[in-house]
Amino acid sequence: MPYRLVCLDAGFTLLAPRRSLADALSGVLAERGHPVAEDEVRRAWELADQWFWEEYQRPENSTWSSDEEIERTWREYHTRMLAELGFADRGNELLDEILASQFAADSWELYPDVVPALAALRERGVHIGVISDWGSNLGTILDGLGLGRHLDFVLASGSVGLAKPDPALFRMALERAGADPAEGLMVGDSLHADVQGARAAGMHGLLLVRAEADGPDHRLPRVEIPSDVRVIASLAELPAIVAG
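Another point: the sheet that holds strand β8 (residues 230–232). The strands that make up a sheet pair up through hydrogen bonds in the backbone, lying either parallel or antiparallel. Spatially, the six strands line up as an open sheet ordered β5-β4-β1-β6-β7-β8, and their pairing is parallel. Strand pairing shows two members of the sheet lacking a second neighbour, β5 (153–156) and β8, which therefore form its edges. Each strand axis lies, on average, 25 degrees off the axis of its neighbour in the sheet, ignoring direction. Strand direction decides the pairing type here: strand β1 (residues 5–8) and strand β4 (residues 127–132), joined by four bridges, are parallel. In the sheet register, V6 faces β4, and the bridge partner there is I128. On the sheet, helix α9 (residues 191–200) packs against β6 (184–188) and β7 (204–208) and is oriented at approximately 160 degrees with respect to β7.

Below, the discussion takes up the nonpolar core. Core analysis: the largest hydrophobic core is formed by 34 residues, its most contacted members being L8, L15, V187, L235 and L238. Contributions of two or more residues to this core are made by β1, β2 (15–17), α5 (114–123), β4, α6 (138–144), β6, β7 and α10 (238–243). The greatest single-element share of this core, amounting to four residues, is contributed by α5. Every residue in contact with V187, bar those within four places of it in the chain, is listed here: V6, C7, L8, D9, T13, L206, L208, I232, L235 and L238. Grouped together as the second largest cluster of nonpolar side chains are 28 residues, F52, Y56, Y77 and A163 included.

This part is about the pairing of β7. Most of β7 sits out of view: four of its five residues are buried. Examined bridge by bridge, β6 and β7 share four bridges and lie parallel to one another. Bridge pairing in β7 places G188 opposite L207. Where β7 and β8 come together, three bridges link them in parallel fashion. Bridge pairing links L208 to I232 in β8.

So, about the environment of H150. Turning to its location among the elements, H150 is positioned in the loop between α6 and β5. For the pair H150 and I128, spaced 22 residues apart in the sequence, the C-alpha separation amounts to 7.4 Å. Ignoring anything within four residues of it in the chain, the contact list for H150 reads V115, L118, A119, R122 and I128.

It is worth spelling out the packing of aromatic side chains at this point. One pass over the structure, following the stated rule, counts seven aromatic pairs. Centroid distance W64 to W74: 6.2 Å. Interplanar angle 70 degrees. Geometry classified as edge-to-face. In this pair, W64 is assigned in the loop between α2 (38–56) and α3 (67–84) and W74 in helix α3, connecting sequence segments 10 residues apart. The same class applies to W64 as to W74, namely buried. An aromatic cluster is built from F52, W53, W64, W74 and Y77, whose rings are joined through pairwise contacts.

The grouping of V209, I225 and V231 at the surface amounts to a nonpolar patch, some 190 Å² of accessible area in total. The topology assignment puts V231 in strand β8.

With that settled, the discussion passes to the pairing of β4. Counting buried residues in β4 gives five out of six residues, a clear majority hidden from the surface. In the sheet, β4 pairs with β5 via four bridges, with the strands oriented parallel. By the bridge assignment, V130 is partnered in β5 with V154.

Conventions we followed
Residues numbered from 1 in each chain as written. Predicted model: local features only at pLDDT ≥ 70, side-chain atom pairs only at ≥ 80, totals over all residues. Heavy atoms only, no water. Pairing = 2+ DSSP bridges. Helix = DSSP H or I, 4+ residues; strand = E, 2+ residues; numbered from the N terminus. Axes fitted to C-alpha atoms, helices over the stretch in contact; angles between N-to-C directions. Contact = heavy atoms within 4.5 Å. Core = buried A, V, L, I, M, F, W, Y, C linked by side-chain atoms within 4.5 Å. Buried < 20%, exposed > 50% of the residue type's maximum accessible area, 1.4 Å probe, protein only. Phe/Tyr/Trp six-rings, centres within 6.5 Å; stacked < 30°, edge-to-face > 60°. Patch = residues over 30% accessible without salt bridge, like charges linked within 9 Å, V, L, I, M, F, W, Y side chains within 5 Å. Areas by Shrake-Rupley, 256 points an atom, 1.4 Å probe, with all protein chains shown as cover. Salt bridge = Lys/Arg side-chain N within 4 Å of Asp/Glu carboxyl O.

In C-alpha cells:
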C-alpha cells in the first residue's frame, strides 16, 4: 500500500550515540582525575539500565510527556550509576557535565541508511515526520546533524505534552500531514511504543530491528514479535515498502 505520511522514531532508528552512556560517564570521571575500571562502569550501567527499563515500561509512567520529568529521569539514571561507583557525594557536581555531554548534537550520529532512505521518500512526495519520546531539544539535535531539511515536522514528547504509545500523539502527526490513518506509517525499534501506538491510532506500524540492536545503550526488553508485524533490518528497505 502506498503511504502519504511516514513517521520515524529518533533514537536507534535515525540516530545513535557516538559513545555509550557508560563511556560518556567514565570519560567525564577520567577528565576529573577519577579513572574507573571498565568492568565497574559496566556493572553500574547495567544496574541503572535495569531501573530505567522498569520505569519506562511502567503503565502509568508519564515521564516522557514533559521536559522537566525527562531531565529528572536522566538525572536519577546517572545518579544511580555514580552511587554504584562510589561518587554519591559528588553527584550534583558531575551531573550537569554528564548530561550536557549526552545531549549535545555532536554526541550523536546518523545511521548510514537514513539520508538515502529519506531522500528517496522525498522524491515520492511523501510527508516525513519524527515522533519520539525525547525532550524539546530533539529538533536542535536533528538540525545539527543536517536532517532538518528532510523533515516536515518533529514531534518530541517533551515539547507537545504527549508520549508514545498514546494514540493522540500519532493523530497529531496525521493532522500535520493532512493524512488519513490508513495513509500513515510509523517506523521504530519498539513494538510497544512505535508499532502498537501507531496501530491504536489507525496507522500502520513497521518494526526496525537493526543488527546493532544488542549494542550498548540499546537494550529494549526482548519481546515476542507477533506474526502480523512486519520487520525490517534497515531503512534501505523503506522506500520500496512505501511505494507499495
